[in-house]
Amino acid sequence: MKNPVLCFALLMLACSKVFSLGAGAAALTNLTLEAAVRIALTNNPHLAEAYANMEAAEARLASAGKLPNPDATARMEAAPFSSGTTSQAEYIAGISQAIPLGRRLSAARQVERAGLELRRNELEAAAFALRKSVHSAFATALFTFEALKLQTNLGTNIQELLRITKARVEQGDAALLDLARLEAEAAQHRLEIKEATYLNREAIRALAATLGDFKTPIQSLAGNLEDALEIETIRDAGFPIDAHPAVAAMESAAEAQRARVRLAQAERIPDVNLDLFYRRLQGSRENSFDVGIRIPIPILDNKRSRVREAESELRAAQARFEMTRNQIGVELQARKLALEKALDTVVVLKNEVVPKIESISRAAEARYTAGDTSLSEYLIVRRDASAYRLVYLEALRSLMESWAGLQAYSR
């Protein structure tokens, strides 16, 4: 496992040193994306389940390939009913040991070793999927937070505009109709702020659930969408399809099934049971021993059906591997196109649209304050500026989600 985030998660899970989450925990303030990923990798129950499955596979490997326990036997034989039951009987004590043939023990170890590798790849796939979910939830929460901040700032500007308009009405430079229109605009904007507040709360709750507990109190997030994305590094990233953990997991599943085929073939050879007994001849006071070998005769069950079953399941596992690889390939191409589109949109909005719109908005506000333009013209410009800013934030969120979806390919 070469992924540092996954290694950190395994260390934290192994030591059972987890963050305290839930309603009684201290509120998370200025939560960064990196800290959110660490908390999720440590506390998310889905990842904890995958880690427990890997530990169970390790335990099975530790016990695989060992000889079966011997059977201990003690009995009394040839005891007469009439008299001298105990004095004339024969006493036997000994062991019977099964000895597997046909490389069954090594095949069993290979099965459990392949199973452990499968569980490790499943854990890694779960960690990458969780990291993607955290990126998406964090991006949505940041978007709603910045959208709420934008709406709040616009509300402050509207209040200042109301103050200026009231002063102009009192001086006779503006009509009462303009003031009424602006007051309606302010009321409408208060509703937009409430809607943005609700969306932000919902996004924070979704992020808390991704971290491991929907009750986790999150007060504030650190950073912004642009800093979290590191846009300048995105174009140079490579995304090989075979690096996706889901492909590796399916490949491990196929290898585990190959090991089961070898085990089924080895199990067709029956075990040899070696019997060694001590016999006490009570009547003659003599000691003796018995030695024997027992071999099952595979007439009624030759285990050929087990081999056919394992071979069929191997073909199914290989088909799932190819199907997953094809699906991941199609998904990879689609995500690359979505990322390219989102990146182009962000670059154009950031460098060409948003600066010009904000410049126009500042100029329109100055002209309205100076009385050189009407309120209607200024409100149109202000609405356009707000709309473009929200479009830019939405484009940043889409870019971050597309980027997070491709992170699993760039291990």
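Okay, so let's go over this structure. (Residues numbered from 1 in each chain as written. Predicted model: local features only at pLDDT ≥ 70, side-chain atom pairs only at ≥ 80, totals over all residues. Heavy atoms only, no water.)

**Quick notes on a nonpolar patch on the surface**
On the surface, Ile95, Ile99, Leu101, Ile269, Leu274, Leu276, Phe289, Val291, Ile293 and Ile295 cluster together into a nonpolar patch covering about 930 Å² of accessible area. Looking at the nonpolar patch, the elements that each hand over two or more residues are strand 2 (90–99), strand 3 (272–281) and strand 4 (286–294). Per element, the largest residue contribution to the nonpolar patch is three residues, and it comes from strand 4. Note on placement: leucine 101 falls in the loop between strand 2 and helix 5 (104–171). (Patch = residues over 30% accessible without salt bridge, like charges linked within 9 Å, V, L, I, M, F, W, Y side chains within 5 Å. Areas by Shrake-Rupley, 256 points an atom, 1.4 Å probe, with all protein chains shown as cover. Salt bridge = Lys/Arg side-chain N within 4 Å of Asp/Glu carboxyl O. Helix = DSSP H or I, 4+ residues; strand = E, 2+ residues; numbered from the N terminus.)

**Side note on the pattern of salt bridges**
Applying the stated criterion across every chain yields a total of 10 salt bridges. A salt bridge links glutamate 77 to arginine 75, with the nearest nitrogen and oxygen atoms 2.5 Å apart. Since its relative accessible area comes to 38%, arginine 75 is described here as partly exposed. The partner of arginine 294 in a salt bridge is aspartate 275, and the shortest N-O contact between them spans 2.8 Å. With arginine 294 in strand 4 and aspartate 275 in strand 3, the pair connects residues that are 19 residues apart, well separated along the chain. When salt bridges that share partners are traced, they join Arg75, Glu77, Glu90, Arg279 and Asp290 into one network. (Buried < 20%, exposed > 50% of the residue type's maximum accessible area, 1.4 Å probe, protein only.)

**Topic: the sheet that holds strand 1 (residues 71–77)**
The pairing of strands in a sheet happens through backbone hydrogen bonds and is either parallel or antiparallel. Taken in spatial order, the four strands of this open sheet run 1-2-3-4, and their pairing is antiparallel. The open sheet is flanked by strand 1 and strand 4, the only strands paired with a single partner. In this sheet, adjacent strand axes meet at a mean angle of 20° when their direction is disregarded. As paired strands, strand 1 and strand 2 are joined by seven bridges and run antiparallel to one another. Bridging across to strand 2, arginine 75 finds its partner in isoleucine 92. (Pairing = 2+ DSSP bridges. Axes fitted to C-alpha atoms, helices over the stretch in contact; angles between N-to-C directions.)

**Observations regarding the environment of valine 353**
By secondary structure assignment, the location of valine 353 is in helix 9 (residues 304–369). Setting aside residues up to four positions removed in sequence, valine 353 forms contacts with Val348 and Tyr388. (Contact = heavy atoms within 4.5 Å.)

**Focus: the pairing of strand 2**
In regular strands, side chains alternate between the two faces of the sheet. Where strand 2 and strand 3 come together, 10 bridges link them in antiparallel fashion. Paired with glutamate 90 across the two strands is leucine 281, which belongs to strand 3.

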